[in-house]
Amino acid sequence: MNQNCGTPKLSLQDAKSMYSQDKQLPQNEVVRLDRVTRRLEAVVGSLEKVALEDLRRDHGRRYMEMMLKTTKSDGQPLSIATCLKECKIIAAMINHAIRESEIDIKNPFIGLSWPKDANPKLNKKLPLPDDLIQRIEARLKDGRTDELPVMWRLLKGTGMRLGEVAGLSQEDIVLKTDAPHILIRPNAIRDLKTASSNRSVPLSGDALAAAKEALKGVLPDKPVFPRYARERGSDAASAALMKVVRAETNDKRLTVHGLRHRVSDKLRDAGTPVEVRHGFLGHSSTAIAESTYGSPRARLIEFMKWAKRSKL
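The structure displayed is predicted, hence computed values, not measured ones.

1. Remarks on the overall build of the protein chain
Now for step 1: Across its full length, the protein chain carries 13 helices and 3 strands.
Now for step 2: Over its C-alpha atoms, taken along the principal directions, the protein chain stretches across nearly 70 × 45 × 40 Å.
Now for step 3: Burial analysis of the protein chain (312 residues in total) assigns 45% to the buried set.
Now for step 4: Within the protein chain, counting contacts between residues at least 6 apart in sequence, those at least 24 apart form 67% of the total.
Now for step 5: Total accessible area computed for the protein chain in this model is approximately 16,900 Å², and 49% of it derives from carbon and sulfur atoms.
Now for step 6: One finds the centroid of the 55 positive side-chain charges in the protein chain at a distance of 4 Å from the centroid of its 39 negative side-chain charges.

2. Focus on the sheet that holds strand β1 (residues 173–174)
Now for step 1: Ordered by their spatial adjacency, 3 strands build an open sheet running β1-β2-β3, and the pairing between neighbours is antiparallel. Edge positions in the open sheet fall to β1 and β3 (199–202), since each of these has one partner strand only.
Now for step 2: When strand β2 (residues 181–184) meets β3, the two strands line up antiparallel, connected through 4 bridges. Paired with histidine 181 across the two strands is proline 202, which belongs to β3.
Now for step 3: Sheet strands in contact with helix α13 (residues 296–309) are β2 and β3, and its direction is about 30° off that of β3.

3. So, the pattern of salt bridges
Now for step 1: On inspection of all chains with the given rule, the structure shows 23 salt bridges.
Now for step 2: Between arginine 161 and glutamate 164 there is a salt bridge, and its shortest N-O distance comes to 2.8 Å.
Now for step 3: Take arginine 161: its relative accessible area is 14%, and that puts it in the buried class.
Now for step 4: Of the residues examined, glutamate 164 reaches a relative accessible area of 4% and is grouped as buried.
Now for step 5: When the shortest N-O distance is used, the salt bridge between aspartate 269 and arginine 268 registers 3.5 Å.
Now for step 6: Residue aspartate 269 is classed as exposed on the basis of its relative accessible area, which comes to 60%.
Now for step 7: The exposure class of arginine 268 is partly exposed, given its relative accessible area of 43%.
Now for step 8: Each of Glu137, Arg153, Lys156, Asp206 and Glu213 takes part in one network of salt bridges that share partners.

4. Looking at the confidence of the model for the protein chain
Reading predicted coordinates in detail is not appropriate for stretches of low pLDDT.
Now for step 1: Averaged over every residue, the pLDDT of the protein chain is 89; the share at 70 or more is 91%.
Now for step 2: Considering each helix and strand of the protein chain separately, the mean pLDDT is smallest for helix α12 (residues 286–293), with a value of 56, and largest for helix α6 (residues 147–158), with 97.

5. Side note on the pairing of β2
Now for step 1: Judged by which residues are buried, β2 turns out to be covered on both faces: His181 and Leu183 on one side and Ile182 and Ile184 on the other are all buried.
Now for step 2: Relative to β2, β1 runs antiparallel, the two being bridged by 2 bridges. Counterpart to isoleucine 173 in the pairing with β2 is isoleucine 182.
Now for step 3: Between β1 and the antiparallel strand that follows it, β2, lie 6 residues.

6. Describing the side chain of serine 200
Now for step 1: Here serine 200 is to be found in strand β3.
Now for step 2: The residues touching serine 200, leaving out its near neighbours within four places in the chain, are His181, Ile182, Leu183, Leu300 and Phe303.

7. Let's talk about the nonpolar core
One recurring pattern in soluble globular proteins is that nonpolar side chains are buried together.
Now for step 1: Met151, Trp152, Leu154, Phe225 and Phe280 are the most contacted members of the largest nonpolar core, which totals 48 residues.
Now for step 2: Excluding anything up to four places from it in sequence, tryptophan 152 contacts Leu128, Ile133, Ile136, Glu137, Leu140, Leu241, Val245, Val256 and Leu259.
Now for step 3: Core analysis: the next-biggest nonpolar cluster, separate from the first, contains 33 residues, Leu10, Ala15, Ile98 and Phe109 among them.

8. Regarding unusual backbone geometry
Now for step 1: One non-glycine residue, aspartate 221, lies in the positive phi region at around 65°.
Now for step 2: Judged by its relative accessible area of 58%, aspartate 221 falls in the exposed class.
Now for step 3: The backbone of lysine 311 sits at a positive phi, close to 60°, despite the residue not being glycine.
Now for step 4: With respect to the helices, strands and loops of the structure, lysine 311 is situated in the segment after α13.
Now for step 5: Judged by relative accessible area, lysine 311 falls into the exposed class, the value being 72%.

9. Focus on the environment of proline 296
Now for step 1: By the secondary structure assignment, proline 296 is in helix α13.
Now for step 2: Proline 296 sits 239 residues away from arginine 57 along the chain, and the two C-alpha atoms are 50 Å apart.

10. Focus: the environment of isoleucine 184
Now for step 1: Locating isoleucine 184 in the fold gives a position in strand β2.
Now for step 2: Looking at isoleucine 184, the relative accessible area reads 0%, which means it is buried.
Now for step 3: The sequence separation of isoleucine 184 and glutamate 164 amounts to 20 residues, and the corresponding C-alpha distance is 6.8 Å.
Now for step 4: Here isoleucine 184 is in contact with Met160, Glu164, Leu192, Ser197, Asn198, Arg199 and Val201, once residues within four sequence places are set aside.

Conventions used here
Residues numbered from 1 in each chain as written. Predicted model: local features only at pLDDT ≥ 70, side-chain atom pairs only at ≥ 80, totals over all residues. Heavy atoms only, no water. Helix = DSSP H or I, 4+ residues; strand = E, 2+ residues; numbered from the N terminus. Buried < 20%, exposed > 50% of the residue type's maximum accessible area, 1.4 Å probe, protein only. Contact = heavy atoms within 4.5 Å. Areas by Shrake-Rupley, 256 points an atom, 1.4 Å probe, with all protein chains shown as cover. Lys, Arg positive; Asp, Glu negative; His and termini not counted. Charge placed at Lys NZ, Arg CZ, Asp CG, Glu CD. Pairing = 2+ DSSP bridges. Axes fitted to C-alpha atoms, helices over the stretch in contact; angles between N-to-C directions. Salt bridge = Lys/Arg side-chain N within 4 Å of Asp/Glu carboxyl O. pLDDT = per-residue confidence, 0-100. Core = buried A, V, L, I, M, F, W, Y, C linked by side-chain atoms within 4.5 Å.

Quick look at the structure:
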């Protein structure tokens, strides 16, 4: 950039737009970026009025202090892990703009002295115990909607992410086969969290029954759960389900995501190889999955075998 010729300085808003466009962020990550940068504006002011090259170390320190004082809706402070995650997004956004615009400045959001997280990671989220699940399911059956009980049963029996379930379309559920399954793939409703999330999840036991129930009355190419097939729909579903969970337990370590941990534990306890567990839950890369299992059909059959052994 030639500042002598009157070229306007690159602003933080420019950096944000550049990062979003160049990285081709999916809608869910754009929403996250908006949320993260709104917090940043509380410290630096309007992103449009802050030049990238005017950033100083003090901006980073004041941002860190603000984040450590920020509380959630329940009055609890943000976790250190959340603070670090959001700071990492801001640092990546600024790094991209620095590199692409060839600006010679240091990124003030890198190397901040965040306090250590005092809570062990393993104790933050726990798998939901069976007795709690039964009580929650009883409450859901007495609820106002038919969608939430079915979504809960699919989560319980597949370990899918809530966003993956909320964004299902009719053609994603494949029942007319000897290996019933759900196709987790990008569709018109939502993108996927990562490339490795693209997978086939076997349906067995109550999850298969729930999938059949979910498809009743659903037209071809239509959302399975229309109430939540929208932007931030999974957030709405999470809030609704968490109200029911909190009606049965106040333990903050027990959340809807604990169903996913429960599936992981059941697979592990049944002796499922780690690469199978990772592929089942959408953690492993496509390259590893293909080299381990071969074809998508072979992977699905392997997943189905362990799902049945785990009694999912």
